[in-house]
Amino acid sequence: MDTYSPVAHAQPDEAPAERRVTILGATGSIGTSTADVVKHEPGLYRVEAVASGGNAVELARLARELDARFAAIADPGAYQDLKAALAGSGIEPAAGPAAVVEAARRPADLIMAAISGANGLAPTLAALDQGSTVALANKECLVCAGHLFMRTAAAAGATVLPVDSEHNAIFQALGAGRRGDVKRIILTASGGPFRTWAREAMRAVTPAQALKHPNWSMGPKVTIDSATLMNKGLELIEAHHLFEMPESQIDVLVHPQSIIHGMVEFRDGSVVAQLGSPDMRTPIAHCLAWPARIDGRAAQLDLARIGTLSFEAPDLARFPALALARAALQAAGGATTVLNAANEVAVAEFLNGRLGFAEIPGLVEATLEAAGRRGLTREPGSVDEALRVDHDSRLLARELLPEIAAKAF
Ligand SMILES: NC(=O)c1ccc[n+]([C@@H]2O[C@H](COP(=O)([O-])OP(=O)(O)OC[C@H]3O[C@@H](n4cnc5c(N)ncnc54)[C@H](OP(=O)(O)O)[C@@H]3O)[C@@H](O)[C@H]2O)c1
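Residues numbered from 1 in each chain as written. Predicted model: local features only at pLDDT ≥ 70, side-chain atom pairs only at ≥ 80, totals over all residues. Heavy atoms only, no water.

K.L.:
Is there a simple way to explain the overall build of the protein in this structure?
P.N.:
Scanning the protein from terminus to terminus reveals 16 helices and 11 strands. The globule rule puts the C-alpha radius of gyration for 409 residues at 22 Å, and the 20 Å found for the protein is close to it. Projecting the C-alpha coordinates of the protein onto the three principal axes gives extents of approximately 55 × 55 × 40 Å. Sequence-distant contacts, at least 24 apart, represent 69% of the contacts inside the protein between residues at least 6 apart. In the structure as shown, the protein presents an accessible area of about 16400 Å², 50% of it carried by carbon and sulfur atoms. (Helix = DSSP H or I, 4+ residues; strand = E, 2+ residues; numbered from the N terminus. Rg over C-alpha atoms; globule rule 2.2 N^0.38 Å. Contact = heavy atoms within 4.5 Å. Areas by Shrake-Rupley, 256 points an atom, 1.4 Å probe, with all protein chains shown as cover.)

Printed below as a string of structure tokens:
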């Protein structure tokens, strides 16, 4: 690597030693997959803290199972339930957003940042600020405040390990050469459940249909983002920040089998890819053990059984969210902060039945335009500023919701 980057790149020959791990977003899809990997490596990991949003019973169950020392829940109203569920365990309960930040700040060898959405920003930045090693699943942090995130990591000497399967793949493939020799990086996309659907047919998509991803089992927000291809847009922005790569050198390629997770093309024409079964426990295990390797938990890749790997260009006319994300990244400033907030509102409203699937990108686009007119798209310089732009953009998106939702009829 030519200059210092908080994204780890060296791979010294070290055997894994016992590591203290904290899991933020422990009750979610990535959180429980992390718990699964940790439990299958007895003696290698000790869990320091677990944190979640509002599910006290599940958080307490996990905290007990993982023998954590501290359990934090963001919802202050869930404190009594958490306390009762942890009674007699010796695990310290705490509640409120500050308790989640405290969980992130407790000394640990690795913090798994797996809260979903911009809610993860403050705790993840708190972990980086400590100079910790952060395994980053929460891509919205980078979309919401990428420059701030990377500046904070660099200033504190923190290490960022990419958990998102595409970024983890690129992180692994980058090890094959020098950064200055990279020509482009390629993010693969499954194309989601509506890859072959006509635009008109997508107008009638229901939440139940959109929540059925063909290859991956994930939390609801990222599953809907995968169906609109906004997920790939968020990942484009994530890759730009993580790998300090101009957006013009980041391509997206639809690959319906989700076996190749990412590729790096070097200047000599070599393209280095990382492959694996579509199971997040593989990139999670890679981050948990980095720079060593531990036994994986996913089914062994059987290419003879799969037979065919296919590829196609993304269709930006049927999936405009990807183009919106690229445009927001090109616009720079706080446009991606607005994009992220508007998309979170749009996904929640779609799941609540108040916005059609095909109108999700429409609401994001209308919010970006209105935010530009109102001077909201300034680059956030601090967590508070990022959260203020996020908050104002959410208000704007909700204001625009009735007008955009009406377009479905
Ligand atoms: N799932 C995947 O395969 C996958 C793949 C790549 C990247 N990612 C990224 O990883 C992140 C997590 O995704 P996921 O699919 O695991 O989401 P998920 O299943 O919806 O889980 C979200 C987690 O965040 C917790 N949470 C919500 N608000 C919180 C708050 N204010 N403070 C603390 N915790 C809070 C939730 O707790 P409660 O249960 O108590 O609400 C839950 O533990 C997302 O950014 C996603 O884009 C996921």
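K.L.:
I would appreciate a short explanation of the sheet that holds strand S6 (residues 133-136) in the present structure.
P.N.:
Within a sheet, neighbouring strands are paired by backbone hydrogen bonds and run either parallel or antiparallel to one another. Pairing is parallel in the open sheet, where seven strands are placed in the order S4-S3-S2-S1-S5-S6-S7. The sheet terminates laterally at strand S4 (92-95) and strand S7 (159-162), the two strands that pair on one side only. The mean angle between the axes of side-by-side strands here comes to 20°, regardless of whether they run parallel or antiparallel. Taken together, the four bridges between strand S2 (residues 45-52) and strand S3 (residues 70-73) define a ladder with parallel strand orientation. In the strand pairing of S3, alanine 49 is matched with phenylalanine 70. (Pairing = 2+ DSSP bridges. Axes fitted to C-alpha atoms, helices over the stretch in contact; angles between N-to-C directions.)

K.L.:
Explanation requested: the site of the ligand in the structure shown.
P.N.:
The ligand sits among 26 residues. The nearest are Thr27, Gly53, Gly54, Asn55 and Glu140. A distance of 3.5 Å separates an oxygen atom of the ligand from a polar atom in the backbone of serine 116. In the environment of the ligand, an oxygen atom lies 2.8 Å from a nitrogen or oxygen atom belonging to the backbone of glycine 219. In isolation the ligand has 900 Å² of accessible area, and contact with the protein removes 86% of it. Put simply, the parts of the chain that give the shell around the ligand at least two residues each are helix H1 (29-39), helix H6 (139-156) and helix H9 (220-228). Here the shell around the ligand is built from residues that sort into 11 nonpolar, 12 polar and three charged. (Near = heavy atom within 4 Å. Polar contact = N/O pair within 3.5 Å; in protein donor to acceptor, adjacent residues only side chain to side chain. Nonpolar A, V, L, I, M, F, W, Y, C, P; charged D, E, K, R; others polar.)

K.L.:
Whenever I open this one, the pattern of salt bridges confuses me. Can you help?
P.N.:
A side chain of one charge can pair with a side chain of the opposite charge if their charged atoms are brought near each other. Counted according to the given criterion, the structure contains 27 salt bridges. Ionic pairing is found between lysine 139 and aspartate 164, a salt bridge with its closest N-O pair at 3.0 Å. Placement of the pair is lysine 139 in helix H6 and aspartate 164 in the loop between S7 and helix H7 (165-174), with a sequence separation of 25 residues. Per residue, the accessibility class of lysine 139 equals that of aspartate 164, and both read buried. (Salt bridge = Lys/Arg side-chain N within 4 Å of Asp/Glu carboxyl O. Buried < 20%, exposed > 50% of the residue type's maximum accessible area, 1.4 Å probe, protein only.)

K.L.:
Would you explain the sheet that holds strand S8 (residues 182-189) in this entry?
P.N.:
Read from one edge to the other, the open sheet built from four strands follows the order S9-S8-S10-S11, with strand pairing classed as mixed. Whereas interior strands pair on both sides, the edge strands pair on one side only; in this sheet they are strand S9 (250-254) and strand S11 (271-275). Looking at each pair of strands side by side, their axes are set apart by 20° on average, direction ignored. The strands touched by helix H10 (residues 230-242) are S8 and S9; relative to S8, the strand with the most contacts, the crossing angle is about 150°.

K.L.:
Could you clarify how one ought to interpret the packing of helix H13 (residues 320-331) against helix H15 (residues 360-373) in this entry?
P.N.:
Each pair of packed helices gets described by two things: the angle between the helix axes and the distance between those axes. H15 packs onto H13 with a crossing angle of 25° between their chain directions and a minimal axis gap of 9 Å. As summarised for this structure, H13 and H15 are arranged roughly parallel, according to the angle between their axes. Crossing angle aside, the handedness with which H13 passes H15 is left-handed. For the pair H13 and H15, contact is made by Pro320, Ala321 and Leu324 and by Pro361, Val364, Glu365 and Leu368, respectively. In the contact of H13 with H15, the residues fall into six nonpolar, no polar and one charged. (Parallel < 35°, antiparallel > 145°, perpendicular 65-115°, else oblique. Left-handed = near helix turned anticlockwise from the far one by under 90°.)

K.L.:
Help me understand the layout of surface pockets, please; the structure alone is not making it clear to me.
P.N.:
Looking at the second largest pocket, its volume works out to about 350 Å³. Arg199, Pro320, Ala358, Pro361 and Gly362 are the residues nearest the centre of the second largest pocket, which is lined by 18 residues in total. Contributions of two or more residues to the lining of the second largest pocket are made by H9, H13 and H15. With four residues, the top contributor of residues to the lining of the second largest pocket is H15. (1 Å grid on protein atoms, 1.4 Å probe; cavity = no way out; pocket = protein on both sides within 12 Å on 5 of 7 lines; lining within 4 Å. Points joined across faces, edges and corners; volume = space filled by probe spheres on them.)

K.L.:
In this structure, what is going on with the packing of aromatic side chains? I would like to understand it.
P.N.:
Where two aromatic rings form a pair, the distance of their centres and the angle of their planes describe that pair. Taken as a whole, this structure holds four aromatic pairs when the rule is applied. Measuring from centroid to centroid gives 4.7 Å for phenylalanine 194 and tryptophan 197, while their planes differ by 65°, and the two rings are edge-to-face. Look at phenylalanine 194 and you get buried, because its relative accessible area is 1%. With centroids separated by 5.1 Å and ring planes inclined at 70°, the aromatic side chains of phenylalanine 194 and phenylalanine 357 adopt a geometry described as edge-to-face. Placement of phenylalanine 194 in the loop between S8 and helix H8 (207-210) and of phenylalanine 357 in the loop between helix H14 (335-351) and H15 is noted, with a sequence separation of 163 residues between them. Taken together, Phe194, Trp197, Phe350 and Phe357 form an aromatic cluster joined through their ring pairs. (Phe/Tyr/Trp six-rings, centres within 6.5 Å; stacked < 30°, edge-to-face > 60°.)

K.L.:
Honestly, the nonpolar core in this entry has me stumped. Any pointers?
P.N.:
Nonpolar side chains tend toward joint burial in soluble globular proteins. By size, the foremost hydrophobic cluster in this structure holds 134 residues, and its most contacted members are Val50, Phe149, Ile185, Phe243, Leu339 and Phe357. For this core, the element with the highest residue contribution is H6, accounting for nine residues. Ignoring anything within four residues of it in the chain, the contact list for phenylalanine 357 reads Phe194, Met202, Val205, Ala210, Ala227, Thr228 and Phe350. (Core = buried A, V, L, I, M, F, W, Y, C linked by side-chain atoms within 4.5 Å.)

K.L.:
Please clarify how H6 should be interpreted in this entry.
P.N.:
Note: α-helices contain 3.6 residues per turn, so residues at a spacing of three or four share the same orientation. An ideal rise of 1.5 Å per residue puts 26 Å on 18 residues; H6 reaches only 20 Å between its terminal C-alpha atoms. Along its length, H6 reaches its greatest deviation from straightness, about 110°, at alanine 145. Judged by how many residues are buried, H6 sits mostly within the fold: 13 of 18 residues are covered. Just past H6, the residue glycine 157 takes up positive phi, approximately 70°. (Expected span 1.5 Å × (residues − 1). Bend = angle between axes of the 7 residues up to and from the residue.)

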